[in-house]
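Residues per chain, in single letters:
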Amino acid sequence: NAGVTQTPKFQVLKTGQSMTLQCAQDMNHEYMSWYRQDPGMGLRLIHYSVGAGITDQGEVPNGYNVSRSTTEDFPLRLLSAAPSQTSVYFCASSSGYNYGYTFGSGTRLTVV
Amino acid sequence: GNSVTQMEGPVTLSEEAFLTINCTYTATGYPSLFWYVQYPGEGLQLLLKATKADDKGSNKGFEATYRKETTSFHLEKGSVQVSDSAVYFCALRGRAAGNKLTFGGGTRVLVKP
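Cut-offs used in this document
- Residues numbered from 1 in each chain as written.
- Chains lettered and ligands numbered in written order.
- Predicted model: local features only at pLDDT ≥ 70, side-chain atom pairs only at ≥ 80, totals over all residues.
- Heavy atoms only, no water.
- Pairing = 2+ DSSP bridges.
- Helix = DSSP H or I, 4+ residues; strand = E, 2+ residues; numbered from the N terminus.
- Axes fitted to C-alpha atoms, helices over the stretch in contact; angles between N-to-C directions.
- Polar contact = N/O pair within 3.5 Å; in protein donor to acceptor, adjacent residues only side chain to side chain.
- Contact = heavy atoms within 4.5 Å.
- Buried area = accessible area lost by both parts, 1.4 Å probe.
- Salt bridge = Lys/Arg side-chain N within 4 Å of Asp/Glu carboxyl O.
- Nonpolar A, V, L, I, M, F, W, Y, C, P; charged D, E, K, R; others polar.
- Disulfide = S-S within 2.5 Å.

## Quick word on the sheet that holds strand S7 (residues 56–59) of chain B
Residues and elements named next belong to chain B.
Item 1. Taken together, the 4 strands give an open sheet; going across it, the order is S3-S9-S8-S7, and neighbouring strands pair in antiparallel fashion. The strands lining the two open edges of the sheet, one partner per strand, are strand S3 (19–21) and S7. For this sheet, the mean angle separating the axes of adjacent strands, direction not counted, is 15°.
Item 2. Here 4 bridges tie S7 to strand S8 (residues 62–65), and the two strands are oriented antiparallel to one another. Residue pairing across strands places Lys56 opposite Thr65, the latter belonging to S8.

Spelled out as structure tokens, the structure:
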């Protein structure tokens, strides 16, 4: 099992550019989430999904879009990158309530 | 809403010392509780969990007990090693609102030889 796969691992964007961070899981998990991790700020939830076709906003959704057309994939789109979006992004997936989330290895994004 | 508070670090210890990281939570209902560990440059790994009151989670010498009466889930290890140097996150997962995972701010632990 590959688990949760995130691509790319590193990315540099110019202000105003758009891009998509990819996330795929092969565990048939219903729940998927995107977090950002900034120095000294822990992890903050951007968007989450409870199943294919269902998404909702987390704590810090502005500037990001998501969709969940399949169980496996949960891409995160940056619409118009800003320096404030420089961060490490983690995708995670889980089965039911009593189970922890499995995290990907992260994407380190720098916006210049 | 749900929230998790954990002690701020960094926590600096000598090898073979006893480690405690305090974690308290606020939640409606009966959440599941988790400890995650993040080694330098890596993603988060689930360390242990407890899904109901008085449950004890354990893994790799670490333990934590779900205390409903004090809304706490403190992480302990009896004898730390240099390889335990990492950031530790306490988290809860509520039953409502999408079963989201809510994290504490993380505690950096540095173990010196």
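Here the narrative resumes, following the displayed structure.
## Some points on the side chain of A:Arg44
Residue and element names in this part refer to chain A.
Item 1. Inspection of the secondary structure puts Arg44 in strand S5 (residues 43–51).
Item 2. A polar side-chain atom of Arg44 sits 2.7 Å from a polar atom in the side chain of Asp38.
Item 3. When near neighbours in sequence (up to four residues on either side) are disregarded, Arg44 contacts Trp34, Tyr35, Arg36, Asp38, Glu59 and Val60.

## Some points on the interface of chain A and chain B
Item 1. With 20 residues of chain A at the interface, the matching set in chain B holds 23 residues.
Item 2. In this assembly, chain A packs against chain B so that about 1700 Å² is buried in total across both faces, 55% of it on carbon and sulfur atoms.
Item 3. Inspection of the region where chain A meets chain B yields 0 salt bridges.
Item 4. The interface formed by chain A and chain B holds 8 residue pairs in polar contact (both at pLDDT 80 or more) in total.
Item 5. Only strand S4 (31–37), S5 and strand S9 (87–94) of chain A provide two or more residues apiece to the side of chain A that touches chain B.
Item 6. For the side of chain A that touches chain B, the element with the highest residue contribution is S5(A), accounting for 4 residues.
Item 7. Residue composition of the side of chain A that touches chain B, by class: 11 nonpolar, 9 polar and no charged.

## Considering the state of the cysteines
All names here are of chain A.
Item 1. Tallied over the full model, the rule gives 2 disulfides over all chains.
Item 2. The disulfide that involves Cys23 links it to Cys91, with 1.9 Å between the sulfurs. Taking the sign of the S-S torsion, -70° for the link of Cys23 and Cys91, the bridge is left-handed. One end of the pair, Cys23, is in strand S3 (residues 19–25); the other, Cys91, is in strand S9, with 68 residues separating them in the sequence.

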